[in-house]
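The lines below spell out each chain.
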Amino acid sequence: MTFSRQIKIAPSILAADFANFGAECRAIEDQGADWVHVDVMDGHFVPNITFGPATCAAIRPHIKGFMDVHLMIAPVDAYIEAFAEAGADLISAHLEAGPHIHRTLQAIRATGKMAGLAINPGTGIEAVVHLLDMVDMVCVMTVNPGFGGQKFIHSQIEKIRTLRKMIGDRPIHIEIDGGVTVETAPLVVAAGADVLVAGSAVFKGGSVGNPAPYGVNIAAIRASATA
Ligand code: DX5
Ligand code: ZN
């Protein structure tokens with residue numbers, strides 16, 4: 001994939017209908033999603049449980065494009081191979097998920113997949129300095145991981161700006177995850193983000209049986225981000 005800082009909208013299927021993931025993935029891609037963001041939670045690293053590699057593998061054939069897998073699990077290393085085999089294009093692990101994040105990123109790269117480094121709102125950006133050469137993306141969490149529909153934490157904008165400077169011209173994406181809406185998207189893009197995860201703002205409680213205008217929501221976020 002050629003590197004580009006063009007804005008990418010990555011709907012999070014955490015806000016989709018869990019009984020209809022296949023149809024939901026097809027719908028968001030048909031309606032303009034650039035990436036599909038898949039939130040894996042273990043009830044240990046974060047206080048919520050979603051699903052594991054088997055579900056990712058089941059979803060994969062319903063995604064034509066890029067599958068962005070966000071692991072909110074600890075430990076991570078033992079499961080990397082399984083998520084790679086499940087068809088992830090990019091696997092993100094949390095800096096806070098264990099004492100050996102460098103080793104975890106090496107293990108992700110060893111599978112041939114792109115490596116993402118996710119950081120919690122309470123983690124200082126200086127912690128990523130010695131990891132930047134190991135990653136294809138840094139995911140700046142703008143909510144505490146675990147649940148969709150939380151309020152955007154504005155203090156993270158300064159962090160995004162600093163990270164953008166640290167990255168310079170290296171081919172590293174900056175993803176923002178949590179509370180992205182038409183109001184907050186322009187703020188994070190101005191600070192340097194290029195991948196916008198949006199759960200509630202895209203799905204807005206819709207489902208296949210009660211279709212929400214996903215395309216309208218995706219287009220509105222993109223328009224606000226690129227205005
Ligand atoms: C939170 C997840 C996010 C979440 C975003 O732990 O990592 O991807 O689904 O949801 P919204 O857009 O509703 O904040
Ligand atoms: Zn996420």
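Further up the page is the structure itself.
Thresholds, definitions, all that
- For every chain, the first residue of its written sequence is number 1, and the numbers climb from 1 along that sequence.
- For this description, chains carry letters from A and ligands carry numbers from 1, given in the order in which they are written.
- Whole-chain, interface and lining totals are the exception, using all residues; otherwise, since this is a predicted model, local features are given only for residues with pLDDT of at least 70 and side-chain atom pairs are given and counted only at 80 or more.
- Each side-chain value is derived from all of the structure's non-hydrogen atoms; neither hydrogens nor water enter the calculation.
- Between the rings of Phe, Tyr and Trp (Trp by its six-membered ring), a pair exists once the centres lie within 6.5 Å; its type follows the angle of the planes, with under 30 degrees stacked, over 60 edge-to-face, and the other angles tilted.
- Think of it this way: one heavy atom of a residue within 4 Å of a molecule or strand is enough to make that residue near it.
- Two N or O atoms count as a polar contact when they lie within 3.5 Å, although within protein this holds only if one can serve as hydrogen donor and the other as acceptor, and sequence-adjacent residues are included solely when both atoms are side-chain atoms.
- Accessible surface area values rest on a Shrake-Rupley calculation with a 1.4 Å probe, where residue burial reflects the displayed protein chains alone.
- Using a 1 Å grid laid over the protein atoms alone, points where a 1.4 Å probe fits but cannot get out form a cavity; open sets with protein on both sides within 12 Å along at least 5 of 7 lines form a pocket; any residue with an atom within 4 Å of a point counts as lining.
- Occupancy of a cavity or pocket is assigned to a molecule whenever over half of its atoms lie within 2 Å of that pocket's grid points.
- The helix count covers DSSP runs of H or I at least four residues long, the strand count covers runs of E at least two residues long, and both are numbered beginning at the N terminus.
- Throughout this entry, Asp, Glu, Lys and Arg are counted as charged residues, while Ala, Val, Leu, Ile, Met, Phe, Trp, Tyr, Cys and Pro are counted as nonpolar. The remaining residues, Gly among them, count as polar.
- We define the nonpolar core as a collection of buried residues of types Ala, Val, Leu, Ile, Met, Phe, Trp, Tyr and Cys that are connected through side-chain atoms lying within 4.5 Å of one another.
- For every residue, the accessible area (1.4 Å probe, protein chains only) is compared with the maximum for its type, and the residue is labelled buried under 20%, exposed over 50%, or partly exposed between those bounds.
- Residues count as neighbours in contact if any of their non-hydrogen atoms are within 4.5 Å of one another.
- Counted as donors are the N, O and S atoms within 2.8 Å of the metal, or 3.2 Å for Na, K and Ca, while water is not among the atoms, so some sites may look incomplete.
- Each label reflects the angles at the metal, where four donors whose angles all fall between 85 and 135 degrees are tetrahedral, four or six donors whose opposite pairs open beyond 155 degrees and whose other angles stay between 65 and 115 are square planar or octahedral respectively, and the rest are irregular.
- Grid points are joined across faces, edges and corners, and a volume is the space filled by probe spheres set on the points.

J.: Explanation requested: the packing of aromatic side chains in the structure shown.
T.: In total, this model carries five aromatic pairs according to the counting rule given. Measuring from centroid to centroid gives 4.7 Å for Phe18 and Phe21, while their planes differ by 50°, and the two rings are tilted. Aromatic rings pair up to connect Phe18, Phe21 and Phe51 into one cluster.

J.: For this particular structure, what's the right way to read the site of ligand 1?
T.: Around ligand 1 sit 20 residues in total, of which Asp39, Gly149, Asp177, Gly199 and Ser200 are the nearest. Between an oxygen atom of ligand 1 and a side-chain N or O atom of His37, the distance comes to 3.4 Å. Contacts to ligand 1 include His70, whose side-chain N or O atom sits 3.3 Å from an oxygen atom. When ligand 1 sits alone it has 380 Å² of accessible area, and the protein chains cover 99% of it. When atom positions are compared with the pocket grids, ligand 1 is found to occupy the largest pocket. Contributing elements (two or more residues each) for the shell around ligand 1: strand E2 (35-41), strand E3 (66-72) and strand E8 (195-198). Ranked by residues supplied to the shell around ligand 1, first place goes to E2 with three residues. Residues belonging to the shell around ligand 1 are distributed by class as follows: eight nonpolar, ten polar and two charged.

J.: Help me out: how do you make sense of the nonpolar core in this one?
T.: A general trend in soluble globular proteins is that nonpolar side chains are found buried together. Counting residues in hydrophobic clusters, the biggest one holds 72 residues, and the most contacted among them are Ile13, Ile176 and Leu196. Excluding anything up to four places from it in sequence, Leu196 contacts Ile7, Lys8, Ile9, Ala10, Ile176, Val180, Ala185, Val188, Val189, Ile221 and Ala225. Listed in part, the twelve residues of the second largest apolar core include Phe66, Met114, Met137 and Cys139.

J.: For this particular structure, what's the right way to read the coordination of the zinc ion (ligand 2)?
T.: Geometrically, a metal with four donors at the corners of a regular tetrahedron has ideal angles of 109.5 degrees, and one with six donors at the corners of a regular octahedron has ideal angles of 90 or 180 degrees. The coordination sphere of the zinc ion (ligand 2), as far as protein atoms go, consists of His37 (NE2), Asp39 (OD), His70 (ND1) and Asp177 (OD), spread over 2.0 to 2.3 Å. Between the six donor atoms coordinating the zinc ion (ligand 2), the angles at the centre fall across 69 to 171°, so the site counts as octahedral. Each donor residue of the zinc ion (ligand 2) lies on the same chain, and together they follow the pattern H-x1-D-x30-H-x106-D. One end of the pair, His37, is in strand E2; the other, Asp177, is in strand E7 (residues 173-177), and 140 residues separate them in sequence.

J.: Hey, could you run me through the layout of surface pockets in this one?
T.: By volume, the largest pocket is sized at about 280 Å³. In terms of lining residues, the largest pocket is bounded by 24 residues, among which Gly148, Gly149, Gly178, Gly179 and Gly199 are the most central. Of all the secondary-structure elements, those providing two or more residues to the lining of the largest pocket are E2, E8 and helix H7 (200-203). Here the residues of the lining of the largest pocket sort into twelve nonpolar, ten polar and two charged.

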